[in-house]
Structure formats: structure tokens, C-alpha cells
Amino acid sequence: MLVSTKWLAEYVNTHGLDPKELGEKITRSGIEVDAVIDRSHGMTNVVVGYVKECMKHPEADKLNICQVDVGEETTQIICGAPNVAAGQKVIVARPGAVLPGGIKIKKAKLRGEESNGMICSLQELGIEGRLVPKAYAEGIYVLPETATPGESALPLLGLDDTLLELGLTPNRSDALSMLGVAYEVGAILSEDMKYPEATYTESSEKASDYLSLRIDAIEANPMYVAKVVKNVQIKESPLWLQHRLMAAGVRPHNNVVDITNYVLMEYGQPLHAFDYDRLETKELVIRLANDGEKIVTLDDQERTLKSNHLVITNGKEPVAIAGVMGGANSEVHDGTTTVVIESAYFTGGSVRQTSKDHNLRSDASARFEKGVDPNRVILAAERAASLLAELADGEVLAGSVVVDELDKVPAEVVVSPDFINNRLGMKISLEDMTSILTRLKFDHQAANGYLYIKAPTRRQDIKIPEDIVEEIARMYGYDEIPMTLPVEESKPGGLSSYQARRRQVRAYLEGAGLYQAITYSLTSKEMSQKFALETAPVTELLMPMSEERSTLRQSLIPHLLDAVTYNTARQADTVALYEVGSVFLGETESGLPHEQEHLAAVIAGKWLDHSWQGEKKAVDFFVLKGIVEGLMELLGHSKELTFERTVVDGLHPGRTASIKLAGEEIGLIGQLHPSEQKMRDLKETYVVELNLAKVINKEVEALYYAPVSKFPSITRDIALVVDSEKATGELQAIIQLSGGRLLKGVHLFDLYEGEKMEAGKKSVAFSLTYFDPERTLTDEEVVNAHNKVLKALAEQAGAELRG
Amino acid sequence: MEAQLQQLKEEALQKIEASMNVKELNDVRVAYLGKKGPITDLLKGMGKLPAEERPKMGALVNVVREEVTEVLEARMTLLQDQAIQEQLEKESIDVTLPGRPVKTGNHHPLTRVVEEIEDLFISMGYEIAEGPEVEKDYYNFEALNLPKGHPARDMQDSFYISEDILLRTHTSPVQARTMEAKEGKPIKIICPGKVYRRDNDDATHSHQFTQIEGLVIGENIRMSDLKGTLSVFAKKMFGEDREIRLRPSFFPFTEPSVEMDISCFKCGGSGCNVCKKTGWIEILGAGMVHPNVLEMAGYDSKKLSGFAFGMGPERIAMLKYGVEDIRHFYTNDVRFLSQFHRTEV
Ligand SMILES: [Zn+2]
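These numbers were taken from a predicted model, which means no experiment stands behind them.

**Considerations on empty space enclosed by the protein**
All names here are of chain A.
- In this structure the tally under the stated criterion is four cavities of 30 Å³ or more.
- Forming the boundary of the largest cavity are 13 residues, of which Ser173, Asp174, Gly371, Val372 and Asp373 lie nearest the centre.
- Of the residues contributing to the lining of the largest cavity, the split by class is three nonpolar, five polar and five charged.
- Counting only domains with at least three residues in the lining of the largest cavity, you end up with domain 1 (2-39 + 162-189) and domain 3 (202-404).

**Side note on the packing of aromatic side chains**
- Tallied over the full model, the rule gives 20 aromatic pairs over all chains.
- Measuring from centroid to centroid gives 4.9 Å for Phe121(B) and Tyr126(B), while their planes differ by 70 degrees, and the two rings are edge-to-face. Both residues of the pair, Phe121(B) and Tyr126(B), count as buried.
- Ring geometry for Tyr321(B) against Phe340(B): centres 5.1 Å apart, planes inclined by 70 degrees, an arrangement best described as edge-to-face. You can see Tyr321(B) sitting in helix H10 (residues 313-321) and its partner Phe340(B) sitting in the segment after helix H12 (334-337), a full 19 residues away along the chain.
- Residue classification places Tyr321(B) among the partly exposed residues on the basis of a relative accessible area of 23%.
- What makes Phe340(B) buried here is its relative accessible area of 8%.
- Ring pairs connect the aromatic residues Phe121(B), Tyr126(B), Phe233(B), Phe238(B), Phe265(B), Phe307(B) and Phe309(B), which therefore count as one cluster.
- Between the NZ or CZ atom of Lys625(A) and the centre of the ring of Phe643(A), over which it lies, the distance is 4.4 Å.
- Over the face of the ring belonging to Phe771(A) we find Lys744(A), whose NZ or CZ atom lies 5.1 Å from the ring centre.

**Some details on the domain arrangement of chain A**
- When its domains are assigned, chain A resolves into domain 1 (2-39 + 162-189), domain 2 (46-156), domain 3 (202-404), domain 4 (411-476), domain 5 (497-697) and domain 6 (714-801).
- Just the C-alpha atoms count here: the centres of domain 2 of chain A and domain 5 of chain A sit 68 Å apart.

**Here we look at the pattern of salt bridges**
Residues and elements named next belong to chain A.
- Per the counting criterion, the structure on display carries 71 salt bridges over all chains.
- Two residues, Glu10 and Arg244, come together in a salt bridge whose shortest N-O distance is 2.6 Å. Residue Glu10 is located in the loop between helix H1 (5-8) and helix H2 (19-29), and its partner Arg244 is located in helix H6 (residues 239-247); the two are separated by 234 residues in the primary sequence.
- Since its relative accessible area comes to 42%, Glu10 is described here as partly exposed.

**What about the interface of chain B and chain A?**
- Each partner contributes to the interface: chain B provides 91 residues, whereas chain A provides 88 residues.
- Of the roughly 7400 Å² buried where chain B meets chain A, counting both sides, 55% is carbon and sulfur surface.
- For the interface between chain B and chain A, the tally reads nine salt bridges.
- Across the chain B-chain A interface, the total number found is 37 residue pairs in polar contact (both at pLDDT 80 or more).

**Section: the coordination of the zinc ion**
Residues and elements named next belong to chain B.
- Coordination of the zinc ion by the protein is provided by Cys264 (SG), Cys267 (SG), Cys272 (SG) and Cys275 (SG), with metal-donor distances spanning 2.2 to 2.3 Å.
- Here the zinc ion binds four donor atoms, and the angle range of 105 to 112 degrees at the metal identifies the geometry as tetrahedral.
- Here the donor residues for the zinc ion map to a single chain with the spacing C-x2-C-x4-C-x2-C.
- Its relative accessible area of 12% is what places Cys272 among the buried residues.

**A look at the domain arrangement of chain B**
- Domain boundaries assigned for chain B yield domain 1 (2-91) and domain 2 (109-340).
- With centres defined by C-alpha atoms, the gap from domain 1 of chain B to domain 2 of chain B works out at 89 Å.

**So, the sheet that holds strand E2 (residues 32-38) of chain A**
Residues and elements named next belong to chain A.
- Spatially, the three strands line up as an open sheet ordered E1-E13-E2, and their pairing is antiparallel. Strand pairing shows two members of the sheet lacking a second neighbour, strand E1 (2-4) and E2, which therefore form its edges. Along the sheet, successive strands turn relative to each other by an average axial angle of 25 degrees, direction set aside.
- Both E2 and strand E13 (residues 162-167) contribute to a ladder of six bridges, which runs antiparallel. For Glu32, the partnering residue across the bridge sits in E13 and is Gly167.

**With respect to the sheet that holds strand E5 (residues 187-196) of chain B**
All names here are of chain B.
- With mixed pairing, seven strands are arranged side by side in an open sheet as E1-E5-E6-E10-E9-E8-E7. Looking along the sheet, the strands with just one partner apiece sit at the ends: strand E1 (127-128) and strand E7 (244-251).
- Strand direction decides the pairing type here: strand E9 (residues 280-289) and strand E10 (residues 304-311), joined by five bridges, are antiparallel. Bridged to Gly287 within E10 is Ala308.
- Seen against the sheet, H10 touches strand E6 (208-219), E9 and E10 and runs at an angle of roughly 155 degrees to E9.

**Quick notes on the environment of Glu595(A)**
- Within the element layout of this structure, Glu595(A) appears in strand E34 (residues 594-610).
- The partly exposed category is assigned to Glu595(A), whose relative accessible area is 25%.
- Separated by 41 residues in the primary sequence, Glu595(A) and Gln554(A) have C-alpha atoms spaced 9.3 Å apart.
- Beyond its immediate stretch of four places on either side in the chain, Glu595(A) contacts Ser582(A), Val583(A), Phe584(A), Pro132(B), Glu133(B) and Val134(B).

**Here's the deal with the pairing of strand E37 (residues 651-661) of chain A**
All names here are of chain A.
- Looking at chain direction, strand E36 (residues 641-645) and E37 are connected through five bridges and run antiparallel. Across the sheet, Thr642 pairs through a bridge with Lys660, a residue of E37.
- The hairpin turn running from E36 into E37, its antiparallel successor, is five residues long, and Gly650 in that turn takes a positive phi close to 100 degrees.
- Relative to strand E38 (residues 664-672), E37 is paired through seven bridges, and the arrangement is antiparallel. Across the sheet, Lys660 pairs through a bridge with Glu665, a residue of E38.
- Counted along the chain from E37 to the antiparallel partner E38, the turn is two residues long, and its residue Ala662 has a positive phi close to 50 degrees.

**Notes on the UniProt feature "binding site: Mg(2+)" (unreviewed entry) in chain B**
- As recorded in UniProt, the sites labelled "binding site: Mg(2+)" (unreviewed entry) are Glu255(B).
- Position of Glu255(B) among the secondary structure elements: in strand E8 (residues 254-263).
- Each residue touching Glu255(B), except ones within four places of it in the same chain, is listed here: Glu466(A), Asp467(A), Glu470(A), Met288(B) and His290(B).

**Notes on the packing of H2(A) against helix H4 (residues 178-189) of chain A**
All names here are of chain A.
- Packing of H2 against H4 brings their axes to within 10 Å, and their N-to-C directions diverge by 90 degrees. Taken together, the axes of H2 and H4 lie roughly perpendicular to each other. Contacts between H2 and H4 pair Leu22, Lys25, Ile26 and Ser29 from the former with Glu184, Val185, Ile188 and Leu189 from the latter.

Conventions adopted
- Position numbers for residues count from 1 along each chain, tracking the sequence in the order it is written.
- Chains and ligands are labelled sequentially in the order written, the chains with letters from A and the ligands with numbers from 1.
- Note on the predicted model: pLDDT of at least 70 is required for a residue's local features to be given, and 80 or more for side-chain atom pairs to be given and counted; whole-chain, interface and lining totals, by contrast, use all residues.
- To get the side-chain values, take all heavy atoms of the structure and skip hydrogens and water.
- With a 1 Å grid laid over protein atoms only, a set of points is called a cavity when a 1.4 Å probe fits there but cannot get out and a pocket when it is open yet has protein on both sides within 12 Å along at least five of seven lines; lining residues have an atom within 4 Å of a point.
- Grid points are joined across faces, edges and corners, and a volume is the space filled by probe spheres set on the points.
- Note on residue classes: Ala, Val, Leu, Ile, Met, Phe, Trp, Tyr, Cys and Pro are nonpolar, Asp, Glu, Lys and Arg are charged, and everything else, Gly too, is polar.
- Per the annotation, domain bounds derive from an automatic or database assignment of domains.
- Aromatic rings from Phe, Tyr and Trp, taking only the six-membered ring of Trp, are treated as a pair when their centres fall within 6.5 Å; an angle between ring planes under 30 degrees marks them as stacked, one over 60 as edge-to-face, and anything in between as tilted.
- Whether a residue is buried, partly exposed or exposed follows from its accessible area with a 1.4 Å probe, protein chains only, as a fraction of its type maximum: under 20%, in between, or over 50%, in that order.
- Helix and strand assignments come from DSSP, with helices taken as H or I runs of at least 4 residues and strands as E runs of at least 2, each series counted from the N terminus.
- Look at NZ for Lys and CZ for Arg. If either is within 6 Å of the ring centre and within 35 degrees of the ring normal, a charge sits over the ring.
- For this analysis, a salt bridge means a side-chain nitrogen from Lys or Arg found within 4 Å of a carboxyl oxygen belonging to Asp or Glu.
- Any two residues having at least one pair of non-hydrogen atoms within 4.5 Å are treated as being in contact.
- Summed over both partners, the accessible area (1.4 Å probe) lost when two parts come together is defined as the buried area.
- Polar contacts here mean pairs of N or O atoms no more than 3.5 Å apart (in protein, one a potential hydrogen donor and the other a potential acceptor; neighbouring residues in sequence count only if both atoms are side-chain atoms).
- Atoms of type N, O and S within 2.8 Å of a metal are treated as its donors, and for Na, K and Ca the window is 3.2 Å; water is not considered, so some sites may appear to be missing partners.
- Between 85 and 135 degrees for all angles marks four donors as tetrahedral; over 155 degrees for opposite donors together with 65 to 115 for all other angles marks four donors as square planar and six as octahedral; every other arrangement is irregular.
- Any two strands with at least two DSSP-identified bridges between them are counted as paired.
- A fitted line through C-alpha atoms represents every axis, and for helices the fit uses only the stretch in contact; the resulting angles, taken between N-to-C directions, go from 0 to 180 degrees.
- UniProt positions are given in the numbering used here, feature names are shortened, and annotations may be inferred rather than shown by experiment.
- Each angle is binned into one of four classes, with values under 35 degrees roughly parallel, values over 145 roughly antiparallel, values of 65 to 115 roughly perpendicular, and all other values oblique.

Quick look at the structure:
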């Protein structure tokens, strides 16, 4: 809502406050002023000129040489506008003027002819093109004949004004009108209201003799007022009315249409004007449309109606979509002589549905949607009638044609001053409270410890005691509220065990060299199931904004890979990222998808880069595996952790494992498939994804100390020759199982496969540690245990002891 | 024999003098003072001397032996020192060479902000509540006093999955769920999480972003409690000398509703580009829980009251760290992420 401060001052004394200061006061007490706009843009030297002569430039077809009386002199100005002509009063920017956008006007020569200034269009004065009356949209603006050459043009055009741009929250639809804003300002400044005048001489003829009215949809349209005005002269509106409309963001058309818009801005009550003769039937019937019924609206669009759209008809066919837009068939035009002014109450839900279905949002529909003041329906109709009499020479027929079943009773709210003070933590006196209610112009009475308040119908947001708490607080000033902390039973706060462990997981991964990434949950349908740990139906948006963001992800890996591509393309030589986030799988009983918290990580590029000491290493499978192993150790799961070769679409078939805890699959790890790498323009890239919720929630033994041995341990190394295919993990498992209780550690320390080995064989070396915390082991005991290991390895894995 | 002894002594002292390192000197020691050395031999040969000469000769040998030992030890100390000196010189390094890097990552800046806020409120007795990102229309809107057809639903155009299920548009449904679960008992929670709105991604909009909300419900919770709590928050997050101010606003789930500004932490209130010359920066929305919200969750709004507040970690991070484009938080550019490594005072 754009509020002209000059216009506003017609309804309420603004104490001559500087608009900035006024805006600040309005913001602090309830309605945010988003911007304070100086319409003059600091312009000077912009005056009225009279075009005495106008002739074509001899050297240029499109230019005119004009002799312009600018008050103190007559001067020559070259003008390129197609509509300039002798005899016009025009806007002249004289040399020295600075126009909006920083254009400086200087004396100049155009094709050899001197030009002392510029004849201006409204656009050149900073008015948006869409607001300029159509007649002047493509050329200069022509002022009324009454303008005096030499006087400043700014006041004539209402440009010596400042606008307040209100950012209205949905509850304050009362401020969608100049009067509503005036009430608010009046409450802030303790001022009374001055209502606009609505007086005219009634004709001897009656409106009801011209028009009959019937409402067949009283729920959606509980009140309708029609006034009939005849003998109107369609012409341009006076300049003051046009510039107020432009200030409010409305384009002037002709006096009748402008008056309906003016009253809309003034009262917040949308009006519509019909050409009476074009209605043809002398009746208005308001009803729900028939499915498939058609109407051509004012914007020349044919629209197909549905049975929940409310329409105004002439008894036969629709002439307007109620509250949204008029029909072309009954539009006021230059030859109109009799008009019907509609002022009605259409319910918000009905208008919202209709305007949404037709994708038509207007100043009118916006107000109906939020609810207009039931007590202004008649006032607005009368105000329009008086303006039609005044500005269109109209003859207002006596009375109105009315159907009215609208409830106009104000809401009653009963609240105790104690309740208000308890809610605020304050001690505001009853006197201060009643004084605020008086300023707000709320009917109120204080009796038996309560305030009995009748909220005015313009304030439809006031319904319950808490609403009064807010009104009192905002007018009293939020700065006055003291600062306290809740008084309550003191309880410790904290993270849940899950949340605490999740934080430890993050800290560990970061300590291991990974940066935390956050990527989008929405992805393309194609990507949504890629790398998913389980197969489940996807969750798709009903109306996605793009195919790229249409489906909820089931794996974190694809977006992390996008991040690797992004970074690699920007010369990052190492990319190491992890993300903790939800994936969305299938559907639960409640209809929501299963949301699982997952952890994923990607690494690419160099892992170690300390080149001057010769330490340099590219990422590989075991770098990432080591991170996973460390994580599981942190969480107490390392004993149950196993990796098993597997095949996953999109990953390298020979370098992928499923990760298991006590045999249960909880994740996957692997190298991105070389063809995928190529597609994404990546080098070797490794990924891992874990079902983090499962990992964290898995039960773990209580941490209990094992005594540190006082006795020495004994270490024995073994080197084995086995088939190349034999997994070292399997060998390790055999050793662990066969080693007995004295075997406390197994460590793989060498692996060799190559020329020196027989084909299809490899050499693996383990170091085994034996000890007994209670005593020193004898050689014999160790030999016995060790022999069992060797035997088991030979029997179960065909391993030969290497010399 | 005496002359022999003197000659030995001279020889030994010369050889000690000529030794240039510890090893040579040790050889001298063995040669002259060792068990098979000439001095020991002399002592052994004393048996041939007349009995009365033996004590005198013995004493003489010992004197020589001590003298030689003393000189040798002195020389030894000198040579050892020299040896250490040489070794130290050989071992000296260019201390300006780069160290072996300890590569660590760090929190995403949004996590950093969220955890800072979480920790502050935990210290004031709050718990962290979380909930699903895909929500029922009921918890996202209806339970928060936003019935179907409510005009304020326009304020947050949403991604629907079906007529009744959508991506949550704020973390408030976690509040609604917590209230339902607590069955009328007091509540003190912080709810961080991802939220989604139908916005085209640009410098100031993101279809996915983060929110963190707080909710306190108890007996006689007052607006002054909200103001005091927010002031503690503002000072902790943005500096001890921050002031706050509340401005009236509107949210369907609170009444009264306010927005909180803090005095600009960059200019202190005199006006700069961060605060758009106003001296104040809008940080969050808050209010007293609407009685309809309490009642719908089974709370008696006559007996209990509450306050709620909500803010955007993106906005806070943008203000705090001067980030100009919200998309930086979601492109995961390592050059961006790695800047949030260091600790802050
Ligand atoms: Zn500032």
C-alpha cells in the first residue's frame, strides 16, 4: 500500500511531521513502513510552459522546433515527441534541471538548432510507464489549460509529495485504505478523523425505477448496493484526482472509472461501474456461474467459469466476475451516459478461489479476500455518487437498490486489566489502557474489573483478549516492557544421547580432514534413487518448480558428487566433504515417508601433500575405509564391523564393499565407476554412505576398563602364501578364531603380489601378539597357540607358511 | 725405573695432546692406563723391587697415573663437547621450511551458527527437539492456527507432496508435535532444521534453508520473559553491548507478535551499510503463543502461557560473516567452507 502523505493529511492531522519521522512512528507502533519515497526526486527547474509555436525541424523529420513561453521568457526548445503541438501547456525542464535517474538538462544544439531545455513526459519525471494515462503514454504530457507558464509543475502533478510504502501483514487489511491508515495515524498521534464529504442533490427519479436486484447466492454475497447516476459526461478526471491515483499506483482512465478507483483507495471498498444501457435488462442477478459459462473480461480475455465462481448477471448472462473483474460487454465507454455503481460485500473465500482459478489478482480482489469493512459498503457508494455528481456532471437517482443480509455487529471482547498486565509482565494503569482504547477509537467500558470492548468492524483482526493485549502493548510501546527471564522449576537442558553422538561424529570427520557440506534434499527423479542403500518408492512433489528439484533424495551421494565436480572445475586439488542429512524412503502408516538420517562422504584428489619431504599420496579406497573404521571405533562398533565385496550401480565393480555391523548392512563404500567419473569430469573419487541413525542407535557395551598388563607380550610374525583371490579379511578371521585366549592382536603388515610370486598366489604377512595379563607366558604356551593358528590357516585357507 | 716412569708419562701426555677425537683418546686411555698398559705393567713389576722401596715407588706410580688420568679426562671433556657441537651443527635444519600439514575440515557455517545458538539455550535449560522435514498439513499449518483458506498461507507458498502432506515451511510443526506429546506439561525447547519454500533461488532466496525456533510454555510466561530471553541471546551472539527493540508484527501462531531488531553490531547504531543506515538490524520474529495453538494441542490457555521465537541461521551467518549471497551456503565451494575453520573470540 502506497500512502501519499499529502492526501493522508486530508483525513487526519499529521502534526506536520516529516514523512520519515511519521514513517518511523507508524513502524514502531504496528505497521512496517518499508520505504519513504520522495516523489520529487529532488527535481528543480521543472515548470509549466506554453507552446506558442511549433514547426518541423528542417533537418530532421521527427523533431519539432517549439517556441515556449516559460513565464520569464519565451525560449526555443527542440522536442521529438509525436504529440507536441502549438497551444499546449506542457512540462518544461529548464537548463540546470536534474531529472530522476540523474539526467542533467543543458542548453544544446540539435541538428544545428538551439534547444534550451526539454519538454517532458511523465516517465521522464519518474512516474512508471504503466501508470501514465494511455493518451500520454507515448509522448509528452499535456497539462490543463488553467496551468500558468513559469509556475513549478511539481505541485500540479502532485510530485511535491512523499509516499510511505506500507508492508502490510495479512491481519492489517484495515490499512489497505487511506481512511484505515488515517485511523492508525490518529491513534498514534491522538488525533480525530475527518471523513470525506459525500453530499449531492438527489434526482427526483428513483434508482429502484431503473433497476431491480436479486441475489441467488447470499452466502457468498450477503450485501449488494447499486446506485444509478444518469447524464454523466465521460472525460478526463481533474489532475488532482489523476495524480493521487498515480501516487497510489493506479493508472487513470476516465472520470467514472477513476472515481471508482479513488473511492477504493479512500475507503478500501472496491466498486464497479456498469454502463446502464449496455446491461439491457434493467436488472442485476447475482448467482454462482454455470459450469462452462463464458465471459469476456475487461482485459479482452475470454474466461470459462466454474460453478463455484460468483458472477453478476443481467438476468441472462454474466456481466462481471464478482469482486475480480468486470465484463467487456457492460464496460463504461466514451459514449456512456448512465452508470450503475456497484458497492458490495463478497466473501473472502469466494473471491480468493475465483481470482486464483483465473490467475487474476487486482486491488479489488486483494481487499475482498482479506475482508472489507461491512459498515463502509454504503458509505463508499454514497461517496462515489457525490464524486460523480461533482466531477462527471452526473444526476444521482434517489435512493439505492439494496439487498442486505450482512452482519455488521462489532465483535465484543471482554478482558481484565490484570490479564493484560500478566501477559506483558507490566503494570499499566487502567487509565492508560482506556486512553489507548480511546485513541484507537474502540468503544469500551470499564466495569467490575473488566474492560468491555466493541472492536470496530474495520478492525476484523480484533477478536480475543490477546488481540487487546497486543493493541495496548503496541500503543503503550514495546520499549516499556521490562526484561525478565522465565520463573520456573529449574531443569537441566541438554542434547539427547543421539544428538550428542551426532556432534561427535561430525567432530571426528572434520578431525579426519573432511569439510561439512549441506546440499539440497530435492533432486531430479532420475537421481533420486541413485546409490540408495535400500529400494523404496520415491516421494515426488505435486507441482515441482523444475525437473531438477522434483523428487526427494534417497541418497546423499549424488549431490555431494555435484559438489566435487563444482570444486574440481575450480582447480581444487583435494575435495573431501561429508554431509549428515535425511533421505526419504517409501511411506509410513501415517502417509509420511520414512526419514532416515544418513551420513555420506566423498574424497577426491590428493590426500597427503607434503611434497618437499617426499610424502604425497592420492586418495584411495583405503583412505576412506580407514575413516569409516575410525568412526566405528569411536562409536564402539569396531569389533562388529565387516566389509564385503559387492556390486552397486554407478560404482567400480571391483572396488566396492557393503559395510556391515554384526552382519547387518548399514552402508556402502566404493570408488565411483570410471565411466561415471568420466561423465562428471572427475579423477578417482571415493564415496561412502552410512545409515547414521542405525549406526548411532545400535546398542553398544558400556565402556569398562580392561587392566593394563604388567607382563610382557610376545610377538610372532607369519608370512603366508595364499591364492590371490583369498580375502585377507578371511585370513584374519581364521587367525582370530584359532588363536585362543592368549592371542590379543593381529596386524597385517605386508602384502605382496607380483613377479616374485607364483602366478595366482600372493604373500601376506601378519604380526600376532600374545599375552596374559596375569603372568609371563612361557615359550611353550606361545608355540602351542601359534601352531594352532598355522594349522587352521593351512586347513581352512590352504595357506602355506613362507620360508 | 723412575726415569722409565717419567718417560712413560711424557709419552702419554703427548699422545693425549695429539688425540683429535673421542675414539683416539679412548685408544690412548687403553694403551697407557688399561689393564695391559705399561703403567699397570710397572706396578706388576714392583715385586722385584726391594721391600722398602716398594711403597715409595707405588706412590710414585699412582701419582703419575692420576696425573695422566686427570689430563686425559680434561681432554676427553673437551673432545666430547667438540663432538656434540659438530653433531648439532650437522643436524641443524631450516626452521622456516613448512611443517607437515595436519589437514582437518570444519563445520559448515550454518551448523556453526546453529550449534552456537543451541549451546546458548541449552545453558539456559532448553532441550533440542527435532521432527520430520516432510510434514502433515495439520502440523505445519492447522495446529498453528492456519486453517485451510487462511490468507497467511499465501505468505509461504509450499511444496506439496499430496493434498495433506508437504515439505515443512518452517520448523514450527516440531513445536506442535512436542506440545501434543507433552500433554499439557511445561516445555522449553529449541527446534533447528531444514525448511522448504517455493522460491526461485537467487542471492537472497533459497528454496531450502534453515530455521531455528524456540518455544517455552509454563505458568505465567510473560512477554517480558520473551524480551529478556531475546536480549540474552542478542548479547551472546552479537556482542555484550547489543541493545534490542521489539516491533509489532503478525504471525498466525502468536498474539501479540513482534519482530526483534538489534542495534547494529558494525556501526553501533550510528548507521552504516549493514543496517541500511537505520542503526538497527532485523534478526527474528517472536510472540506469545496464540491461545488457539495452545488449545489445539490440549493446553489450557487460561492456566498456561508461552512464548515462541524463530530465526534464520542463513541470515545470521550472512550478517555475522558478511556473506552476500545465500547460495554460497549450498554450493559447498571448499574455498568458502574452509574459511569457517578458525575459532572466534
Ligand atoms: Zn550499522
